[in-house]
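# Examining the three-dimensional arrangement
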Amino acid sequence: MPLLDDIRTRVEAALEHVDISPDTLELLLHPKAVHTVSIPVRMDDGSLRTFEGHRVLWNDSRGPGKGGIRYHPDVTIDEVKALAFWMTCKCAALDLPFGGAKGGVAVDPKKLSKLELQRLSRGYVDAVADLIGPDVDVPAPDVYTNPMIMGWMMDQYRTITRRIQPGVVTGKPLSMGGSQGRSTATADGAFHVIDTLIGKLGVDAEAPTVAVQGFGNAGAQIATLLHEAGYRVVAVSDSRSAVHAEDGLDVPAVRRAKEGNGSVESVYSEGDLERCGADVLDPDELIALDVDILIPSALENAITADNADDVRARTVFEVANGPVTPEADEILARKDVAVVPDILTNAGGVTVSWFEWVQNRSGLVWSAEEVADKLRGRMVDAAEVIHARASSAGSALRVAAYAHALERIGEAIDAQGSVSTFGAGE
Ligand code: NAD
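No experiment lies behind these values; they were computed from the predicted model shown. (Residues numbered from 1 in each chain as written. Predicted model: local features only at pLDDT ≥ 70, side-chain atom pairs only at ≥ 80, totals over all residues. Heavy atoms only, no water.)

Grouped together as the largest cluster of nonpolar side chains are 87 residues, with contacts concentrated most on Phe85, Ile222, Leu226, Val236 and Ile295. Among the elements that line this core, the one with the most residues is helix 3 (residues 77–93), at 11 residues. When residues are assigned to domains, this core turns out to be shared by domain 1 (31–176) and domain 2 (185–345), each giving three or more. The contacts of Phe85, once residues within four sequence positions are left out, are Ile7, Val11, Leu28, Trp58 and Tyr402. Judged by nonpolar contacts, the second largest core, of 24 residues, contains Tyr71, Trp152, Val168 and Val169. (Core = buried A, V, L, I, M, F, W, Y, C linked by side-chain atoms within 4.5 Å. Buried < 20%, exposed > 50% of the residue type's maximum accessible area, 1.4 Å probe, protein only. Helix = DSSP H or I, 4+ residues; strand = E, 2+ residues; numbered from the N terminus. Domains from an automatic or database assignment. Contact = heavy atoms within 4.5 Å.)

Shown next as structure tokens:
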């Protein structure tokens, strides 16, 4: 199913559990603004190359747009639209004062030098400068973008506007107005959601077993946090391979191997596998492992109608955006697999982005402890409220999270004047 059709499916499922006005539905099914831009970049060899970039503002009824910028060769405008819609629902589900937006550039950043990457990032801001701003739409990092790139973007916005406005971008380096805790916030938030819900979802093992697909910013960190908290991380994967050890992986060692040699597999030298009771799998095999917790943290469409039947996990926590398709959701529900949706599980990143934006605008600087406490409170509350809503409605957690989000967006749209204010010729 194309990503954009997902949107209608998700909204329609939630509509059975929430009463929203026709205006809310009409506005929510269409992006407010869609821009595609050309970004000419002077390459190191002197040639000029043009990259295609996008920025989509899906909805800003609850506040300025908020959403990351993705650098990936497969970025398309439809993907950016779907991600912007999910951001709208995520911010509302967590009650953050933001709408939803997203950006992307079709590029393989691994093929650019650092200087080319900088020119591309500054070029992106040149192209979208009229569309972003602390009160309009606030970008952040996503796949293959990072604090360094956010710092360049903020600096370029300063050059264009001749104003220092750190709140234009979040996920910046600490030295440029970034927040404590931002770099690990997505995984920190996911950890609180998992720890809050795992018992409620019927997993009572003392050391629940975990498989993590994708060992990047979010995946490596959530594997580390769970390992440190006594969960048994039995498998992790990157795009090349998966490593699996039934007694549990030495996650810090896998992390060192990934950072040092670029692959999770390199944690094992010849002869190690047998000694450690471990094996190397094809990355796709990780999805089918018999574990308590499966954590997709790579890209969209990891679990589809084609492989959902293979899933043997008891719970799936979506750290990636959109890893389970609507068709796969139905199959997993039939198999009694609880899916905790992305718009709750990975909302820690945007929550600390909000903290960063608040600090930038107030001139305050919060300590790491303050940020961690605020994040924990927010994530635990959201997980409990959404779980309670799902239990009382007898619905899937995803449906409850969307119902929760749509209700809040609906309140904002109605407050601005909707059919109930102006309708029926009254
Ligand atoms: P990243 O680029 O740092 O990591 C992605 C990882 O996935 C890499 O290790 C890559 O090798 C791996 N991968 C790609 N294809 C794979 C496959 N088929 N099988 C196994 N591994 C595969 O990206 P990230 O920032 O960690 O983001 C991952 C996901 O989490 C994305 O969906 C992103 O939108 C979502 N997310 C990230 C954040 C954040 O703050 N980083 C916040 C919210 C959501």
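Still to come is the rest of the account.
Following the criterion strictly, the structure yields 25 salt bridges and no others. Of the charged contacts, one joins Asp95 and Arg408 as a salt bridge, the two residues approaching to 3.7 Å between their closest N and O atoms. Here Asp95 is found in the loop between helix 3 and strand 4 (100–106), whereas its partner Arg408 is found in helix 14 (residues 397–415), with 313 residues between them in sequence. For Asp95, a relative accessible area of 35% translates into the label partly exposed. Asp342 is the partner of Arg398 in a salt bridge, and the nearest nitrogen-oxygen pair spans 3.9 Å. With Arg398 in helix 14 and Asp342 in helix 11 (residues 342–345), this residue pair connects regions lying 56 residues apart in the sequence. On the basis of relative accessible area, Arg398 is assigned to the buried category, the value being 6%. (Salt bridge = Lys/Arg side-chain N within 4 Å of Asp/Glu carboxyl O.)

The environment of the ligand is made up of 22 residues, and the closest members are Asp142, Thr186, Asn217, Ala218 and Asn321. Between the ligand and Thr186, the relevant distance is 2.6 Å, taken from an oxygen atom to a side-chain nitrogen or oxygen of the residue. Expressed as a share of its isolated accessible area of 830 Å², the protein-covered part of the ligand is 85%. Along the lines of polarity and charge, the residues of the shell around the ligand split into 8 nonpolar, 10 polar and 4 charged. (Near = heavy atom within 4 Å. Polar contact = N/O pair within 3.5 Å; in protein donor to acceptor, adjacent residues only side chain to side chain. Areas by Shrake-Rupley, 256 points an atom, 1.4 Å probe, with all protein chains shown as cover. Nonpolar A, V, L, I, M, F, W, Y, C, P; charged D, E, K, R; others polar.)

Another aspect to go through is the packing of helix 6 (residues 185–197) against helix 7 (residues 217–228). Where helix 6 meets helix 7, the closest approach of the two axes is 8 Å, and the angle between their N-to-C directions is 45°. Relative to helix 7, the element helix 6 lies oblique. The crossing of helix 6 and helix 7 is right-handed. Mapping the contact onto sequence places Thr186, Ala187, Asp188, Ala190, Phe191 and Ile194 in helix 6 and Ala218, Gln221, Ile222, Leu225 and Leu226 in helix 7. (Axes fitted to C-alpha atoms, helices over the stretch in contact; angles between N-to-C directions. Parallel < 35°, antiparallel > 145°, perpendicular 65-115°, else oblique. Left-handed = near helix turned anticlockwise from the far one by under 90°.)

Our focus in this paragraph is the sheet that holds strand 3 (residues 65–72). The 5 strands are arranged 1-2-4-3-5 in an open sheet whose pairing can be described as mixed. Of all the strands in the sheet, the pair left with one neighbour each is strand 1 (33–42) and strand 5 (137–141). Averaged over all adjacent pairs, the angle separating strand axes in this sheet is 25°, with direction ignored. Bridging between strand 2 (residues 48–59) and strand 4 involves 6 bridges; their strand directions are antiparallel. (Pairing = 2+ DSSP bridges.)

Enumeration over the complete set of coordinates arrives at 0 disulfides. Cys91 takes part in no disulfide bond, and the closest cysteine sulfur to it belongs to Cys89, at a distance of 9.5 Å. The class for Cys91 is buried, based on a relative accessible area of 0%. (Disulfide = S-S within 2.5 Å.)

One can find Asn360 in helix 12 (residues 348–362). Asn360 gets classed as buried once you look at its relative accessible area, which sits at 17%. In terms of polar contacts, Asn360 uses its side chain to reach the backbone carbonyl oxygen of Gly177, at 2.9 Å. Filtering out sequence-adjacent residues up to four positions away, Asn360 remains in contact with Pro166, Gly167, Val169, Lys172 and Gly177.

Under the definition given, this model contains 6 aromatic pairs. For the ring pair Phe355 and Trp366, a centre distance of 5.6 Å and an interplane angle of 55° mean the geometry is tilted. Of this pair, Phe355 sits in helix 12 while Trp366 sits in the loop between helix 12 and helix 13 (368–393); the two residues are 11 residues apart in sequence, bridging distant segments of the chain. In terms of burial, Phe355 and Trp366 fall into one category: buried. An aromatic cluster of at least three residues, connected via ring pairs, comprises Trp58, Phe85 and Tyr402. Above the ring of Trp366, the side-chain terminus of Lys374 is found at 4.5 Å from the ring centroid. (Phe/Tyr/Trp six-rings, centres within 6.5 Å; stacked < 30°, edge-to-face > 60°. Lys NZ or Arg CZ within 6 Å of the ring centre and 35° of its normal.)

Another aspect to go through is helix 6. Compared with an ideal rise of 1.5 Å per residue, which puts 13 residues at 18 Å, helix 6 spans 18 Å between its outermost C-alpha atoms and is within 8% of the ideal. Most of helix 6 is tucked away: 11 of the 13 residues are buried. (Expected span 1.5 Å × (residues − 1).)

On to helix 4 (residues 114–128). Every α-helix carries 3.6 residues per turn, so stepping three or four residues along brings you back to the same face. Taking 1.5 Å of rise per residue, 15 residues should cover 21 Å, and helix 4 covers 21 Å from first to last C-alpha, within 8% of that figure. Among all positions of helix 4, only Glu116, Leu117, Leu120, Ser121, Arg122, Gly123, Tyr124, Val125 and Val128 are buried. Residues of helix 4 that are buried make contact with strand 1, strand 2, strand 3, strand 4 and helix 5 (147–161).

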